[in-house]
Amino acid sequence: MRVRLAGVGHSTIDIVGDVSLVVWLCGCNLRCPFCHNWKIARNDPALCREVEIERVLERLESARGLADSVLVTGGEPLLQPEATAAILSKASELGMRPVLESNLTIPEALRTVLDLAFVNEIVTDIKVPPEAMMGLSPEVARRAWSSFLESLRIAVERVPRVTLRLPIYPGELRRRDTYLARIGRYLEQVRSIVEPRLESGECRVEIVAVETEMVETPVPPAELQRIIETSLGLTEGSRHEDRGRRH
Ligand code: SF4
């Protein structure tokens, strides 16, 4: 099996508290306006190449004992579900925690991965409002949002830990009330799915500003975080303060 790959490397920032081995897979079905890895998402030939999966698995073997976890990210790993599952399975076999970072908009591929591999944690963004945050036409973004909710249901049922991050679009923040009204019904939909996990403390939520323009907002970050945590029904125990790097 061949896999389209941008690279493999050690990181101490992608999963806070872990030394992780990060595998970046190429291609993405979204075009988020804040994308940190847009060249990987767009399959830039200067970065992306096809390699045999065995080469990636050998790289994991060489990291045995040197990393706590293996993070498969991108781009969107679920565009290559069999390769993603093979890498995550190898991580478990080698005693490293398997972690998947995904936009969770391809539920059938998520099922495939979870049928083939154990995943200890899924990290994803709540991209709201979807028509502004996914980089797609409004109609396609609405369908992608439905797929996200379906995938989120699968994730909270089958994966021990789910980390949700809320990217914040700085332009929206200048009109706080309008912004909160726009995202409110989406957060409520997310809350209805993850609430049992929030109560058990197994679902972590992280508030992330996506650009440094955040400092220009009239809303202090702490206040914004409190408002959004309240919207999501977060308790003290379910809140998570760690911040890894976003993709
Ligand atoms: S932020 Fe993630 S989901 Fe969005 S375009 Fe970039 S790689 Fe894809």
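Residues numbered from 1 in each chain as written. Predicted model: local features only at pLDDT ≥ 70, side-chain atom pairs only at ≥ 80, totals over all residues.

**Looking at the site of the ligand**
Around the ligand there are twelve residues in total, and C28, C32, C35, A41 and N103 lie nearest to it. Residue composition of the shell around the ligand, by class: five nonpolar, five polar and two charged. (Near = placed C-beta within 6 Å. Nonpolar A, V, L, I, M, F, W, Y, C, P; charged D, E, K, R; others polar.)

**A word on the confidence of the model for the protein**
Taken over all residues, the pLDDT of the protein has a mean of 85, while the share at 70 or more is 81%. Here residues 211-218 is a poorly scored stretch, pLDDT under 50, and it has ten contacts once near neighbours within four places are set aside; other chains count. (pLDDT = per-residue confidence, 0-100. Contact = placed C-beta atoms within 7 Å.)

**Let's talk about the pairing of strand β7 (residues 161-168)**
Across the eight residues of β7, six count as buried, placing the element largely inside the fold. In the sheet, strand β6 (residues 121-125) pairs with β7 via five bridges, with the strands oriented parallel. Residue D125 lies in a different strand from β7, and its bridge partner there is R165. (Buried ≥ 20, exposed ≤ 12 C-beta atoms within 10 Å, placed from the backbone. Helix = DSSP H or I, 4+ residues; strand = E, 2+ residues; numbered from the N terminus. Pairing = 2+ DSSP bridges.)

**What to know about the packing of helix α3 (residues 81-93) against helix α4 (residues 107-116)**
Interhelical geometry of α3 versus α4 gives an angle of 30 degrees and a closest axis separation of 9 Å. Accordingly, the angle class assigned to the pair α3 and α4 is roughly parallel. Once α3 is placed against α4, the crossing between them reads as right-handed. Here P81, T84, A85 and S89 of α3 come into contact with α4, specifically with A109, T112, V113 and L116. (Axes fitted to C-alpha atoms, helices over the stretch in contact; angles between N-to-C directions. Parallel < 35°, antiparallel > 145°, perpendicular 65-115°, else oblique. Left-handed = near helix turned anticlockwise from the far one by under 90°.)

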